[in-house]
Amino acid sequence: MLDYFLYRTGQFIAMHLPLKITYKIAIFFSDLHYIVANKDRMYVKENLRAIFPEKSNSEIRRIRIRMARNFAKYLVDFFRFEKLDKEYIKKNIRIDNINYFNEAASKGKGVIVLSAHLGNWELGGVAVAQSGYPFWVVALVHKEKRVNDFFNFQRESKGIRVIPLGKAVRKSLDVLNNNGLLALAGDRDFTGKGVIMDLFGKPAIFPEGPAALSLKTGASIVPGFMLRNPDDTFTLRIEKPIEFTPTGNKREDMKELMKQYLKIFEKYIREYPDQWYMFKRFWIGTVPVRANTCIATGTVPKVSLPLGL
């Protein structure tokens, strides 16, 4: 109940005040929250230190503060979806290499649009959907129905079609079989059945869905990231479709395909660490791990998918 009230209050403010003022209000509350959010600060510091072992504590602290403020802006942007239209996209969002979607779709096997919790992935979905592409996203189901309905309404009002996590496999296969675009976030596992892989040379758990779906259907994986620019405009940067030819060795195919797109994740996280919104402990080492053993056993598991938000 409280979460729903806070979200709707945030939406009311974002819809009725100028954007710059709303950003300032959001940053104020973000800074206030971070004073008392001891665990968040600790986890973010640990994560950033894993990426940048060479940076000083003061440099890590500056990145951490910018990250929290950028996330506050991300929420403002999400609350303002009602104001977004093709004219807004034309003025505020530059889309680089959208032709890669066409290239991947030309194979007729669907497109897996792979992103991370970086920048403004929700706004990226709006830009793609408003550009006329059949665009689906797998989204985490919130425990409170009214919150879940609010989030999904925001997305669907802009042409994004939502597939709830937990019931996603069959519908995702249908989308790909009909040559649609299916958006997945591949940097955090919410199923308890993830795969252990290295990121920045350290083990972490990643969702198996993107690689498993690609191997099962032949759909191309096309990485894409909606990045915030210094002037609060955006660039949607779309990478080339990942070229991968399965060998028939399921263990090695899963491992090698994941390695390819995790390298791309590393590039973007390193370049935009203050836009990677990972507020939980990410790398394995100090907490119990639950992950399947598909890489070790050579079996491709049942497909489970990551969230959209």
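Preceding this section is the structure that the text describes.
As a convention, each chain's residues are numbered from 1 in the sequence order in which they are written. At least 70 in pLDDT is required for a residue's local features to be given in this predicted model, at least 80 for side-chain atom pairs to be given and counted, and no such filter applies to totals for whole chains, interfaces and linings, which use all residues. Heavy atoms throughout the structure, all of them, feed into the side-chain values; hydrogens and water do not.

(A) Up close: the overall build of the chain. The number of helices and strands found in the chain is twelve helices and nine strands. Radius of gyration here uses only the C-alpha atoms, and the compact-globule reference equals 2.2 Å multiplied by the residue count raised to the power 0.38. Computed over its C-alpha atoms, the radius of gyration of the chain comes to 19 Å, within 12% of the 19 Å expected for a compact globule of 309 residues. For each residue, the accessible area found with a 1.4 Å probe, counting protein chains only, is set against the maximum for its type, and the residue is called buried under 20%, exposed over 50%, and partly exposed in between. Residue burial in the chain is summarised as follows: out of 309 residues, 53% are buried. Note on areas: Shrake-Rupley with a 1.4 Å probe; residue coverage comes only from the protein chains shown. Roughly 15,100 Å² of accessible area belongs to the chain as shown, and the carbon and sulfur atoms make up 54% of that amount. Strands here mean DSSP runs of E at least two residues long; helices mean DSSP runs of H or I at least four residues long; both are numbered from the N terminus.

(B) Region of the structure containing the sheet that holds strand E9 (residues 234-238). Read from one edge of the open sheet, seven strands run E1-E9-E8-E2-E5-E3-E4, paired in mixed fashion. Edge positions in the sheet fall to strand E1 (93-96) and strand E4 (161-164), since each has one partner strand and no second. Neighbour-to-neighbour, the strand axes of the sheet open up by a mean angle of 25 degrees, direction not taken into account. In this description, strands pair whenever DSSP reports at least two bridges between them. Here strand E3 (residues 135-139) pairs with strand E5 (residues 181-185) via three bridges, running parallel. Across the sheet, residue Phe135 finds its bridge partner in E5, namely Leu181. Along the sheet, helix H7 (residues 121-130) makes contact with E1, strand E2 (111-115), E3, E5, strand E8 (220-228) and E9, crossing E9 at roughly 75 degrees. As a rule, the C-alpha atoms of each element are fitted with a line to give its axis, helices using only the stretch in contact, and angles between N-to-C directions run from 0 to 180 degrees. In this analysis, two residues are considered to be in contact whenever any of their non-hydrogen atoms come within 4.5 Å of each other.

(C) Expanded view of the packing of helix H3 (residues 38-51) against helix H4 (residues 57-79). Between H3 and H4, the shortest axis-to-axis distance is 10 Å and the interhelical angle comes to 120 degrees. In this view, H3 runs oblique relative to H4, as classed from their interaxial angle. With respect to the hand of their crossing, H3 and H4 are arranged in right-handed fashion. Counted together, Arg41, Val44, Lys45, Leu48 and Arg49 of H3 and Asn57, Ile60, Ile63, Arg64 and Met67 of H4 form the full contact between these two elements. Put simply, angles under 35 degrees are roughly parallel, angles over 145 are roughly antiparallel, angles from 65 to 115 are roughly perpendicular, and the rest are oblique. The sense of a crossing depends on the near helix, which, turned anticlockwise from the far helix by less than a right angle, makes the crossing left-handed and, turned clockwise, makes it right-handed.

(D) Seen up close, a nonpolar patch on the surface. Judged by side-chain polarity, Phe28, Phe29, Leu32, Ile35 and Val36 come together as a nonpolar surface patch covering roughly 550 Å² of accessible area. Inspection of the secondary structure puts Ile35 in helix H2 (residues 19-36). On the basis of relative accessibility, which here comes to 60%, the residue Ile35 falls in the exposed class. Think of a patch as exposed residues, more than 30% relative accessible area, with no salt bridge, where like charges cluster within 9 Å and nonpolar side chains (Val, Leu, Ile, Met, Phe, Trp, Tyr) cluster within 5 Å. We count a salt bridge whenever a side-chain nitrogen from Lys or Arg sits within 4 Å of a carboxyl oxygen from Asp or Glu.

(E) Structural view of the packing of aromatic side chains. Ring pairs shown here join Phe, Tyr and Trp side chains whose ring centres sit within 6.5 Å, with only the six-membered ring taken for Trp; geometry is labelled stacked below 30 degrees between planes, edge-to-face above 60, and tilted in between. Taken as a whole and assessed by the stated rule, the structure comprises 26 aromatic pairs. Ring centres of Tyr74 and Trp121 lie 4.6 Å apart, and the angle between their planes is 25 degrees; on these two criteria the pair is classed as stacked. With a gap of 47 residues between them, Tyr74 in helix H4 and Trp121 in helix H7 connect regions that are remote in the sequence. Its relative accessible area of 14% is what places Trp121 among the buried residues. A ring pair is formed by Trp276 and Phe282, whose centres lie 5.1 Å apart and whose planes are at 80 degrees; its orientation type is edge-to-face.

(F) Structural detail: the side chain of Lys158. Examined against the element boundaries, Lys158 turns out to sit in the loop between helix H8 (145-156) and E4. Despite its burial, Lys158 pairs with no opposite charge, the nearest such side chain being Asp85 at 7.1 Å. We define a polar contact as two N or O atoms separated by no more than 3.5 Å, with the added condition that, inside protein, one atom must be a possible hydrogen donor and the other a possible acceptor, whereas residues neighbouring each other in sequence contribute only through side-chain atom pairs. For Lys158, the side chain forms a polar contact with the main-chain oxygen of Leu84, separated by 2.7 Å. In this view, Lys158 contacts Phe81, Glu82, Leu84, Val126, Ala129 and Gln130; residues no more than four positions away in its chain are not counted. When charges are counted, Lys and Arg contribute as positive and Asp and Glu as negative, whereas His and the chain ends are disregarded.

On their own, these measurements won't tell you what the molecule is for.
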